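Here are the chains, one letter per residue:
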Amino acid sequence: MSLIEARELTRLYTRGTETVRALDSVTFTIHPGEFVAVVGPSGSGKSTLLQLLGGMDLPSSGSLTIAGKELSRLSDTERTTLRRDTLGFVFQDFGLLPVLTVAENIALPAGLGKVSQAPSVDSLLERVGLSHRKNHRPHQLSGGEMQRVAIARALVRRPKILLADEPTGNLDSASGARILELLQELNQQEGITLVVVTHNDTLAAAAGRALALKDGKLV
Ligand code: ADP
Ligand code: ADP
C-alpha cells in the first residue's frame, strides 16, 4: 500500500500573461518507510512539490493522496488535521522561536491537542542527543543543535511522514552529517517515511531513491 501517491500532479502559476509550470504532470508513489530525496536545480519545482505534499498548497490539476486521503477532497479543517496528525516539517532555517527554551520549543506543537499521546519532551531530547540543552535558548546553540531541536519538535505528534526542506542547507559538513545520521535512524529504527529536498550529495546518496526534477518534470 502506498503512503503518498501523486498522479499527474500539476501546479501552474501565472505571472502577467505568462504561465509557469512549476510542477508539470508529475506521477510517483512513496511507500511507508521509504527515504526519498527530492533533487534538481533551482527553479525545478522542489519547493512547490514539498508545499503540495505538506498540504500548504493545492494542485492546479492531478491528484495527491496521502495516507489514503485525496487532499483536494478534504475541507480546510480536514487538511489541517491530516497535516497535524500525519506530517512533520523540518526547514533549512530551523524555525525555532527565539524567546522560548529548547524544551518549550519542542513542547509547542503538543499544545495543539492530543497531548496525552505525545512523547515526553525529555524522551525527545534524549532521542536527538540534547538532554543537556533543555533550558537553553536557540541563540545559545550551534546550527546543528538547532536543527536537532527542530527535528525533535517535528516528532512531537508522532508523524508517519517527515518532510524536510534543505535540512542541512545552513550547516557545516560535520553538523550536516550528524543530522543525516539522525534522519537515517528515525527512518530505519522508527519507520518514519522521509521526503527530503536537498542539494547535499551525501544526503541524496543516503536516500533509498531520488525524485529528480527539471523544469517541473520528473527526469
Ligand atoms: P525550486 O524549489 O526547485 O527552486 P520552486 O518550486 O520554488 O523551485 O519553483 C518552480 C518554478 O515555479 C520557478 O520557475 C518559480 O519561479 C515558480 N514559482 C514558484 N512559486 C511561485 C509563485 N508563488 N508564484 C509564481 N511563480 C512561482
Ligand atoms: P528554495 O530556497 O526553497 O528553493 P525558493 O526561492 O524557490 O526557495 O522559494 C521560496 C518561496 O517563494 C516558496 O514558497 C516559493 O513557492 C516562492 N516563490 C518562488 N519563486 C517565486 C516567484 N517567482 N514568485 C513568487 N513566489 C515565488
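Residues numbered from 1 in each chain as written. Chains lettered and ligands numbered in written order. Predicted model: local features only at pLDDT ≥ 70, side-chain atom pairs only at ≥ 80, totals over all residues. Heavy atoms only, no water.

Student: How do you make sense of the pairing of strand S3 (residues 35-39) when you look at a structure like this?
Tutor: In the case of a regular strand, side chains alternate between the two sheet surfaces. Counting buried positions along S3 gives 5 out of 5 residues, so the element sits mostly inside the fold. Both faces of S3 are covered, namely the face carrying Phe 35, Ala 37 and Val 39 and the face carrying Val 36 and Val 38. The sheet contact formed by S3 and strand S8 (residues 193-197) spans 4 bridges and is parallel. Within S8, the residue paired with Val 36 across the bridge is Val 195. When S3 meets strand S9 (residues 209-214), the two strands line up parallel, connected through 4 bridges. Bridging from a neighbouring strand, Ala 37 pairs with Ala 210 of S9. (Buried < 20%, exposed > 50% of the residue type's maximum accessible area, 1.4 Å probe, protein only. Helix = DSSP H or I, 4+ residues; strand = E, 2+ residues; numbered from the N terminus. Pairing = 2+ DSSP bridges.)

Student: Is there a simple way to explain unusual backbone geometry in this structure?
Tutor: Excluding glycine, a negative phi dihedral is what most residues carry, and trans is how most peptide bonds are arranged. We note that Glu 8 has phi near 45°; this positive angle belongs to a residue other than glycine. With respect to the element layout, Glu 8 can be found in strand S1 (residues 4-15). Of note in this structure, Glu 166 is not a glycine but carries a positive phi near 50°. Its place among the elements puts Glu 166 in the loop between strand S7 (161-165) and helix H6 (173-190).

Student: Looking at this structure, I do not really get the pairing of S7. What am I missing?
Tutor: The element S7 is extensively covered by neighbouring structure, given that 4 of its 5 residues are classed as buried. Strand direction decides the pairing type here: strand S6 (residues 87-90) and S7, joined by 4 bridges, are parallel. Its bridge partner lying in S7, Gly 88 is registered against Leu 162. Inspection of the sheet shows S7 paired to S8 by 5 bridges, in the parallel sense. What sits directly across from Leu 163, in S8, is Val 195. Read from S7 through H6 to S8, the crossover connection turns out right-handed. (Right-handed = clockwise from strand over helix to strand, strands pointing away.)

Student: What is the right way to read the confidence of the model for the chain from this model?
Tutor: Close inspection of predicted coordinates is inappropriate in any region flagged by low pLDDT. Across the chain, pLDDT averages 94, with 97% of residues at or above 70. In the model output, the complex is listed with pTM 0.89 alongside ipTM 0.73. (pLDDT = per-residue confidence, 0-100.)

Student: Can you help me understand the site of ligand 2 in this one?
Tutor: Every residue close to ligand 2 is listed here: Arg 15, Ser 47, Gln 51 and Asp 165. Between ligand 2 and Ser 47 there is a distance of 2.8 Å, counted from an oxygen atom to a side-chain nitrogen or oxygen. Residue Gln 51 places a side-chain N or O atom 2.6 Å away from an oxygen atom belonging to ligand 2. When ligand 2 is considered free in solution it has 550 Å² of accessible area, and contact with the protein chains removes 33% of it. (Near = heavy atom within 4 Å. Polar contact = N/O pair within 3.5 Å; in protein donor to acceptor, adjacent residues only side chain to side chain. Areas by Shrake-Rupley, 256 points an atom, 1.4 Å probe, with all protein chains shown as cover.)

Student: Help me out: how do you make sense of the packing of helix H5 (residues 143-155) against H6 in this one?
Tutor: Helix packing for two helices is described by the angle between their axes and how far apart those axes are. Closest axis-to-axis distance for the H5/H6 pair is 9 Å, and the angle between their directions is 20°. The orientation of H5 relative to H6 falls into the category roughly parallel. By crossing handedness, the relation of H5 to H6 is classed as right-handed. On H6, the residues touching Gly 144, Gln 147, Arg 148, Ile 151 and Leu 155 of H5 are Ser 175, Arg 178, Ile 179, Leu 182, Leu 183 and Leu 186. The residue inventory of the contact of H5 with H6, partitioned by class, reads 6 nonpolar, 3 polar and 2 charged. (Axes fitted to C-alpha atoms, helices over the stretch in contact; angles between N-to-C directions. Parallel < 35°, antiparallel > 145°, perpendicular 65-115°, else oblique. Left-handed = near helix turned anticlockwise from the far one by under 90°. Contact = heavy atoms within 4.5 Å. Nonpolar A, V, L, I, M, F, W, Y, C, P; charged D, E, K, R; others polar.)

Student: I'm lost on the site of ligand 1 in this one. Help?
Tutor: Every residue near ligand 1 is listed here: Tyr 13, Arg 15, Val 20, Ala 22, Pro 41, Ser 42, Gly 43, Ser 44, Gly 45, Lys 46, Ser 47 and Thr 48. One of the backbone N or O atoms of Gly 45 is found 3.0 Å from an oxygen atom in ligand 1. Contact distances for ligand 1 include 2.8 Å between an oxygen atom and a side-chain N or O atom of Lys 46. With 3 residues, helix H1 (residues 46-53) is the largest single contributor of residues to the shell around ligand 1. For the shell around ligand 1, a count of residues per class yields 4 nonpolar, 6 polar and 2 charged.

Student: Would you explain the sheet that holds strand S2 (residues 18-30) in this entry?
Tutor: The sheet built from 4 strands is open, its strands ordered S2-S1-S4-S5 with antiparallel pairing. Lying at the two open borders of the sheet, with one neighbouring strand each, are S2 and strand S5 (69-70). As defined by bridge partners, S1 adjoins S2 across 9 bridges and the pair is classed as antiparallel. Bridging across to S2, Arg 15 finds its partner in Glu 18.

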